[in-house]
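# Residue-level structure breakdown
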Amino acid sequence: MFSLNFDISEFLTQYWQKKPILIKNAFPNFEDLISADELAGLACEEAVASRVVVTKPDDWQIIEGPFEDYEQFGEKNWQLLVQALNHWHPDSAEFINAFRFIPDWRFDDLMVSFATPGGGVGAHIDNYDVFIIQGEGQRHWTVGDKGQYAPKNNDPTTPLIEGFEPIIDVVLEKGDLLYIPPGFPHQGQTLTLAMSYSIGFRAPSQQELFSEMADALIDTNTGLKRFTSSDEPKIASQISSSHQQDLMALITELAANPEYYQAMLGKMLSQNRFELDICEPEEAYTAEDMSDYVAQGAQLYRIGGLKLLKLEDDSISRIFVNGEAIEYSAAIETEVQQLCERFTFDNQQTAMLIQTPATQALILDLLNRGYFYFGE
Ligand code: SIN
Ligand code: CO
């Protein structure tokens, strides 16, 4: 079990999105989620997003995966980073559970790093929240205050920065956690061969929301209302203030109407940035197959990283999954809530769920889309 050894409500009020914090021994008796060898093997696969960062005296070099071997990198000054471990390694689901005090829609991925001494990506600033948890080995982390920092070597193209004064300066050891909100400069340097885990959370920008909203309006052929005016400016070449306001009010009106924005948000926020390991069955399951599997003791698993989201105060009974809305009968609200809350269902829980025909139909649909699978 991965249980966090700190006060979550205090964390949420004092630190989350506000300031960094170091929590020593946040996960007592922490064990690595994956071995370095297994991680290196995963990074050989095309579908898995991986990269090696080689630290140079005044720069760094990024080599995108997949990788066939690592000999060329030697014994120090490099780091292998694998994104979305939770999509490919079912055992990591339990670890993700420990962070579900932040809603699922905000979760981005679990990135794993295997670093050799001297390896590190250099000082930088992220625009997402990250929890860094140390596994085997030791890494030296510094975190500075929010502010404006010069790009490294005055190079406008580099994501690296320089010149921050540490407000946190610590050697992370197994089970320690470092939380860094967006905007705080940080740098991790590797002291001994080390595994570490970064749980990242996303926050859509106005640009992303606008673009998603425009796509949704085009897809549904909505938002066709046009500007009308009742008074005109005296100066022909002028776009009057009232015309400017009335034009922009057309957007505000849409953006304030749940009928327009709810489905857009559900679809947008249920998508993943990294590829999912979708397990579509070769032949579609029938309701009978499903009952047989369950009678033989099968358990039900959600594929790693898949989000099953519901909107509070939704006008329709629907879940959002991988960018799509799936409707269900309001009578199975409790069962759907369980499907959204849990990643796995033991045999007894699965048997209970499929007792109701409408839940059985929904699970059958999710299985046949490859979003759930049966296992032992
Ligand atoms: C690292 O593990 O060095 C990268 C994590 C980060 O800086 O966000
Ligand atoms: Co970072």
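Attention here is on the structure that accompanies the text. Predicted, not measured: the structure shown is a model, and the values here were computed from it. Going along each chain's sequence as written, the residues are numbered from 1 onward. Written order determines the labels here, with chains lettered from A and ligands numbered from 1. In view of the model being predicted, local features appear only for residues whose pLDDT reaches at least 70, and side-chain atom pairs are presented and counted only at 80 or more, with totals across whole chains, interfaces and linings using the full set of residues. With hydrogens and water excluded, all non-hydrogen atoms of the structure serve as input to the side-chain values.

Here we take up the overall build of the protein. Strands here mean DSSP runs of E at least two residues long; helices mean DSSP runs of H or I at least four residues long; both are numbered from the N terminus. Helix and strand counts for the protein come out as 11 helices and 19 strands. With respect to the principal axes defined by its C-alpha atoms, the protein has extents near 75 × 65 × 40 Å. Buried, partly exposed and exposed residues are distinguished by accessible area as a fraction of the type maximum, computed with a 1.4 Å probe on protein chains only: under 20%, between the cut-offs, and over 50%, respectively. For the protein, the residues scored as buried account for 44% of the 376 residues in total. For the protein, the proportion of contacts with a sequence separation of at least 24, taken over those separated by at least 6, is 78%. The Shrake-Rupley method, run with a 1.4 Å probe, gives the accessible areas here. Residue values count only the displayed protein chains as cover. Of the roughly 19900 Å² of accessible surface on the protein, 49% is carried by carbon and sulfur atoms. By the convention used here, residues are in contact when the closest approach between their heavy atoms is within 4.5 Å.

Here a donor is any nitrogen, oxygen or sulfur atom (N, O, S) within 2.8 Å of the metal, with 3.2 Å used for Na, K and Ca; water is not among the atoms considered, so some sites may look incomplete. The coordination sphere of the cobalt ion (ligand 2), as far as protein atoms go, consists of His124 (NE2), Asp126 (OD) and His186 (NE2), spread over 2.0 to 2.1 Å. What makes His186 buried here is its relative accessible area of 3%.

Take the sheet that holds strand 12 (residues 186-190) next. In sheet architecture, strand pairing relies on hydrogen bonds along the backbone and comes in two forms, parallel and antiparallel. With respect to topology, 3 strands assemble into an open sheet ordered 10-7-12, the strand pairing being antiparallel. Strands with a single pairing partner mark the edges of an open sheet, and in this sheet they are strand 10 (166-172) and strand 12. Neighbour-to-neighbour, the strand axes of the sheet open up by a mean angle of 15 degrees, direction not taken into account. Two strands make a pair as long as DSSP finds a minimum of two bridges between them. When strand 7 (residues 139-144) meets strand 12, the two strands line up antiparallel, connected through 5 bridges. Following the sheet pairing, Trp141 is matched in strand 12 by Gly188. Orientation is described by lines fitted to C-alpha atoms, with helices fitted over the stretch in contact, and by angles between N-to-C directions that extend from 0 to 180 degrees.

Residues in contact with ligand 1, as listed here, are Gln79, Met111, His124, Asp126, Arg139, Trp141, His186 and Ser198. Polar contact criterion, stated in full: a pair of N or O atoms within 3.5 Å, where within protein one must be able to donate a hydrogen and the other to accept it, and residues adjacent in sequence count only if both atoms are side-chain atoms. Interatomic distance of 3.3 Å between a side-chain N/O atom of Asp126 and an oxygen atom of ligand 1. Here an oxygen atom of ligand 1 sits 3.0 Å away from a polar atom, N or O, in the side chain of Arg139. Out of a free accessible area of 260 Å², ligand 1 has 96% covered by protein chains. Residues of the shell around ligand 1, tallied by class, amount to 2 nonpolar, 4 polar and 2 charged. Nearness of a residue to a molecule or strand requires only that one of the residue's heavy atoms be within 4 Å of it. Each residue gets one of three labels, nonpolar for Ala, Val, Leu, Ile, Met, Phe, Trp, Tyr, Cys and Pro, charged for Asp, Glu, Lys and Arg, and polar for the others, Gly among them.

We now examine the sheet that holds strand 4 (residues 78-82). Reading across from one edge, 1-11-6-13-5-4-2-3 is the order of the 8 strands in this open sheet, with antiparallel pairing throughout. In this open sheet, the two strands that pair with only one neighbour each are strand 1 (21-23) and strand 3 (59-64). Strand-to-strand twist in this sheet, taken as the mean axis angle between neighbours without regard to direction, amounts to 20 degrees.

At their nearest, the axes of helix 9 (residues 333-341) and helix 11 (residues 357-368) sit 10 Å apart, and the two run at 30 degrees to each other. Relative to helix 11, helix 9 is oriented roughly parallel. For helix 9 against helix 11, the interelement crossing comes out right-handed. Contacts from Glu335, Val336 and Leu339 of helix 9 reach helix 11 at Thr359, Leu362, Ile363 and Leu366. Grouping the amino acids of the contact of helix 9 with helix 11 by side-chain chemistry returns 5 nonpolar, 1 polar and 1 charged. Here roughly perpendicular refers to angles of 65 to 115 degrees, roughly parallel to angles under 35, roughly antiparallel to angles over 145, and oblique to all remaining angles. With the far helix as reference, a near helix turned anticlockwise by less than a right angle produces a left-handed crossing, and one turned clockwise produces a right-handed crossing.

Taking 1.5 Å per residue, 14 residues should reach 20 Å; helix 5 (residues 206-219) reaches 20 Å between its end C-alpha atoms and fits that length. Asn221 sits one or two positions beyond helix 5 and adopts a positive phi of about 50 degrees. Helix span, as expected, comes to 1.5 Å for every residue beyond the first.

Once that is clear, we can look at unusual backbone geometry. Between Gly65 and Pro66 the backbone carries a cis peptide bond, its omega angle lying at 0 degrees. Topologically, Pro66 is positioned in the loop between strand 3 and strand 4. The backbone phi angle of Asn29 is positive, close to 55 degrees, even though this residue is not glycine. Mapped onto the fold, Asn29 is located in the loop between strand 1 and helix 2 (36-42). Residue Asn29 is classed as exposed on the basis of its relative accessible area, which comes to 72%.

Following the sequence through the fold, Glu68 ends up in the loop between strand 3 and strand 4. On the basis of relative accessibility, which here comes to 78%, the residue Glu68 falls in the exposed class.

Moving on to a negative patch on the surface. On the surface, a cluster of negative charge is contributed by Asp37, Glu38, Asp91 and Glu94. Along the chain, Asp91 falls in the loop between helix 3 (85-88) and helix 4 (93-97). For Asp91, a relative accessible area of 58% corresponds to the exposed category. Patch members must show over 30% relative accessible area and no salt bridge, and they are joined within 9 Å when carrying like charges or within 5 Å when they are nonpolar side chains of Val, Leu, Ile, Met, Phe, Trp or Tyr. Criterion for a salt bridge: a side-chain nitrogen of Lys or Arg within 4 Å of a carboxyl oxygen of Asp or Glu. The convention is simple: Lys and Arg are positive, Asp and Glu are negative, and His and the chain ends are not counted. To locate a charge, the coordinates of NZ of Lys, CZ of Arg, CG of Asp or CD of Glu are taken.

In this section: the pattern of salt bridges. Within the structure shown, the criterion is met by 11 salt bridges. Between Arg318 and Asp314 there is a salt bridge whose closest N-O contact spans 2.7 Å. Of the two residues examined, Arg318 and Asp314, each falls in the buried class. One salt bridge in this structure joins Arg369 and Asp365, with 2.9 Å as the shortest N-O distance. Its relative accessible area of 23% is what places Arg369 among the partly exposed residues. The exposure class of Asp365 is partly exposed, given its relative accessible area of 28%.

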